[in-house]
Every structure is written in C-alpha cells, then in structure tokens.
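Secondary and tertiary structure notes
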Amino acid sequence: MSRKISLRDALREAMTEEMRRDENVFLMGEEVAEYNGAYKVSKGMLAEFGEKRVIDTPIAELGFAGIGVGAAMNGLRPIIEFMTWNFAVLAFDQIVNNAAKTLSQSGGQYNCPIVFRGPSGAAGQLAQQHSQTFEAWIANCPGLKVISSIDPRDAKGLLKAAIRDNDPVCIMESEMMYSLNLDTTTPGKRTYSFGKKTWETEGLPMTSADEELLLPIGKAAIRRTGTDITLVSYNKMILEAIEAADELAKEGISAEVIDLRTIRPMDHETIVNSVKKTNRCIVIDESWPFAGVSSEVAYNIQKFAFDHLDAPVIRVNAADTSLPYAPTLVEAYMPDAKKIVKAAKEVLYMNA
C-alpha cells in the first residue's frame, strides 16, 4: 500500500521503530524530549519511551556528544541530535578524534555504533554562522559514514540502517525540508511537494508496513533516467536538479538525475555508468567549491570515465564566500535550477 509522508515523520518513524526493536537505542540532544524536538522530529517519543531513553541535554554539544561516544563503546546505540550541524563544530573533537577512531585506536576491540544527526546547509536568512554545509568536512575523516538525503522514504531506510550499523554514522538533514512531503500513491512515481511547489521523479513506492525498510549505505538513486547529460547532486539540491531536468526537457534535452544519498562511502559506479551513457556531467553541490563533494565526484569521473567525456565536468556550487543575510545575496549565493540549466547548455555547447 502506497502512502504520503513528510521527511519529519519519516525520521521519527525510523527512530521509533528502532527504539521499539532494540532497548539499547536511545535519543539525546537539546530539546528532543519536553519540547518534542526543535523541528518536532521527536514528537511523542518522550511519552512512549520515557526520560531515560529520550534525554534533554544542556547546551553543551561537546559534552553530550562525548557521553554518546562513551555509551556506544559500552554497548548502547545512541542517536545524538544536533539542533544544527553548525553547533556540532563544538563537538568535532568527539566526532573526529574519538568516534571515528575508536575501532582503529582500540585495535578492533571496540566499535562505536553511534548516529549523529541534524540539519545541515542553508535555511533562508540565517546568515554566516548558521548556514554552512558540512558533508565534505565530515566525509574527509576516515572512520565516519556520511548520509545526506531528503527523500522521506530513503531517509527513513538509511537512518534505520545507520542505527544498526556498528560504525559511527553522520546524517545531514535539511532545516528547510522537514516539511517536504513524498507521495507514492501513483505506482512507479515519486511526487515531492513543499509549499506550492511539486517535483515528480521515478521511484519505488513506500508501503505502510515499512518496519524492515533498510536501505544500503553507499548506494545512489537514479531519480530521473536520461540520455544527454548526467546531473549529480544530493540533499535539497536534488530538487533543483530535478527542476533543471524539467526545464531542459522542454528544449529536447534528456537529463539523468542521480541522488548520491550517501557521501561516504560514495557510489562511484552508478555515477560513472551514467556518464558513460550520457558523455556529459554537471555536479550540483550546496557546499563551497574548494575541496568539496563536487570535487570528489568530478575527480572520479575523469579517472574512470575520461574516454567517455565529450565535455569537461562542470560544478555548480554555492559562492566561495560566507552566506550573507540579505535575501538578494542569498539568491546569488545558492545553486539553483537556472544556474544548472546554464551550465548544462555550456557542456552541451549550446548558446546560453
């Protein structure tokens, strides 16, 4: 049976189902309990699981991240929620120097089965210190797995898999997209809606009995099949890629859209196979251009699909500066469908 679900509800379902399944799983973070979560992702969980498993913390990211790492080393499976990954900068010592290195530093004696999750990326006019995109930062560290998907079905399946994983997993959500809705009532189609906007892609249905929905960490999804150009993206920029594909289709250009879903490990095979078919590629990445996720994607395309390229790979990134506050500057800063279409025409050697 197909269904409709928001990203917020999908994440809650994932945590709730895993906490029912395994009493060692618990949730900890700022305002996750009494306030039902800063974004209402944990609504109702305190009432079901009690204050020993849904735990409000002080405003001390380094402290409660450290408690989580210690709990994971002793057999529990913590879910640590950051109100935003911008605040997780304060906990990087625990994430990068402890969680990521527990297995190797202990000579394989200790695992660290912990999930760090929360919103990443820009969220409107929140200015420089609250709008950073952290996938590339975190993925640069060996020992950490990084998931970044806003598709509700996928986010649920990946979060459940992350909770069961024996390694530390960092999940980057989107502060803007918690209300994004997925409708799979039309067989073989995914329809996303957010406010007055809708996007349609190909995809499998999400059933009402999804308790065992587990998606493999490290596998990309093809949101739209195409033959002329490959668009690679993740998180909320995937919606801009889909919108750009729709605009390109009006001009007879068939774009294939790949949603990375997982940044580390990255599914290079799906990307390379698509580029071998289309011979052209645009990588859309909300993070800064220098040493970002888009750089990693572009490098692997030139390494494994060089002889298939008919044009250089082009990246569409955020501007190489801190995000301003003014809405006009936010618009100039962010990647969008118009910029993607322009880049696509460039690699297709068309007049803009």
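Residues numbered from 1 in each chain as written. Predicted model: local features only at pLDDT ≥ 70, side-chain atom pairs only at ≥ 80, totals over all residues. Heavy atoms only, no water.

1. Digging into the packing of helix α1 (residues 7-21) against helix α8 (residues 152-164)
Our working rule: Lines are fitted to the C-alpha atoms to define the axes, a helix being fitted only along its stretch in contact, and any angle between axes, read from their N-to-C directions, falls within 0 to 180 degrees. Starting at the N terminus, helices and strands are each numbered in turn, a helix being any DSSP run of H or I of at least four residues and a strand any DSSP run of E of at least two. Orientation is classified from the angle alone, with under 35 degrees giving roughly parallel, over 145 giving roughly antiparallel, 65 to 115 giving roughly perpendicular, and any other angle giving oblique. What makes a crossing left-handed is the near helix being turned counterclockwise from the far one by less than a right angle; a clockwise turn instead makes it right-handed. By definition in these notes, contact holds between two residues if any of their heavy atoms fall within 4.5 Å. Under the convention adopted here, Pro, Cys and the residues Ala, Val, Leu, Ile, Met, Phe, Trp and Tyr are nonpolar, Asp, Glu, Lys and Arg are charged, and Gly plus all remaining residues are polar.
As a packed pair, α1 and α8 sit with axes 8 Å apart at the nearest point and diverge in direction by 30°. With respect to α8, the axis of α1 lies roughly parallel. Like other packed secondary-structure pairs, α1 and α8 cross with a definite hand, here right-handed. Between α1 and α8, the residues in contact are L7, A10, L11, E13, A14, M15, E17, E18 and R21 and P152, A155, K156, L159, K160, I163 and R164, respectively. The residue inventory of the contact of α1 with α8, partitioned by class, reads nine nonpolar, no polar and seven charged.

2. A look at the nonpolar core
The tendency in soluble globular proteins is for nonpolar side chains to be buried as a group. Our working rule: As used in this record, nonpolar core signifies buried Ala, Val, Leu, Ile, Met, Phe, Trp, Tyr and Cys residues forming a set joined through side-chain atoms within 4.5 Å. When accessible area is computed with a 1.4 Å probe and restricted to protein chains, residues below 20% of their type maximum are described as buried, those above 50% as exposed, and intermediate ones as partly exposed.
Within the largest apolar cluster, 68 residues are counted, with the highest numbers of intra-cluster contacts made by V54, L159, I229, L231, L239, I282 and I284. Membership of the second largest hydrophobic core comes to 45 residues, among which are W85, F116, L144 and V293.

3. Topic: the side chain of S174
Along the polypeptide, S174 turns up in the loop between β7 (169-173) and β8 (181-183). The residues touching S174, leaving out its near neighbours within four places in the chain, are P119, S120, I150, N235 and K236.

4. Considerations on the sheet that holds strand β16 (residues 314-317)
We count it as follows: A pair of strands is treated as paired once DSSP finds two or more bridges between them.
Read from one edge to the other, the open sheet built from five strands follows the order β11-β13-β12-β15-β16, with strand pairing classed as mixed. Two strands lie at the open edges of the sheet, namely β11 (221-224) and β16, each paired on one side alone. Each strand axis lies, on average, 25° off the axis of its neighbour in the sheet, ignoring direction. Relative to strand β13 (residues 255-259), β11 runs antiparallel, the two being bridged by three bridges. When the bridges of β13 are listed, R224 appears paired with V257. The sheet contacts of helix α9 (residues 237-249) involve β11, β12 (229-233), β13 and β15 (281-285), and relative to β13 the element is tilted by about 170°.

5. Structural notes on the packing of aromatic side chains
Condition: By convention, a stacked pair of Phe, Tyr or Trp rings (six-membered ring in the case of Trp) has centres within 6.5 Å and planes under 30 degrees apart, an edge-to-face pair has planes over 60 apart, and any other such pair is tilted. Charge over a ring is defined by NZ of Lys or CZ of Arg lying within 6 Å of the ring centre and within 35 degrees of the ring normal.
Per the stated rule, a full pass over the model turns up seven aromatic pairs. Aromatic side chains F92 and W137 sit 6.1 Å apart centroid to centroid with 80° between the ring planes, which places their arrangement in the edge-to-face category. Of this pair, F92 sits in helix α5 (residues 92-99) while W137 sits in helix α7 (residues 135-139), and the two are 45 residues apart along the sequence. Using a relative accessible area of 17% as the deciding quantity, one classes F92 as buried. Take W137: its relative accessible area is 40%, and that puts it in the partly exposed class. Plain terms: the ring middles of F134 and W137 are 4.7 Å apart, the flat faces sit at 70° to each other, and that makes the pair edge-to-face. With a relative accessible area of 0%, F134 lands in the buried category. In this structure an aromatic cluster arises from ring pairing among F64, F82, W85 and F116. The residue whose ring lies beneath K40 is Y35, and the NZ or CZ to ring-centre distance is 3.5 Å.

6. Focus on a negative patch on the surface
Convention followed: Like-charged residues are merged into a patch within 9 Å and nonpolar side chains (Val, Leu, Ile, Met, Phe, Trp, Tyr) within 5 Å, provided each residue has over 30% relative accessible area and no salt bridge. Accessibility throughout is a Shrake-Rupley quantity obtained with a 1.4 Å probe, and a residue counts as covered only by protein chains that appear here. Here, a salt bridge means any side-chain nitrogen of Lys or Arg that lies within 4 Å of a carboxyl oxygen of Asp or Glu. Neither His nor the chain ends contribute to the count of charged residues, in which Lys and Arg are positive and Asp and Glu negative. Every charge is mapped onto a representative atom, which is NZ of Lys, CZ of Arg, CG of Asp or CD of Glu.
Taken together, the side chains of E31, E34, E51 and D56 make up a negatively charged region of the molecular surface. Structurally, E51 can be placed in the loop between α2 (45-49) and β3 (54-56). The class for E51 is exposed, based on a relative accessible area of 67%.

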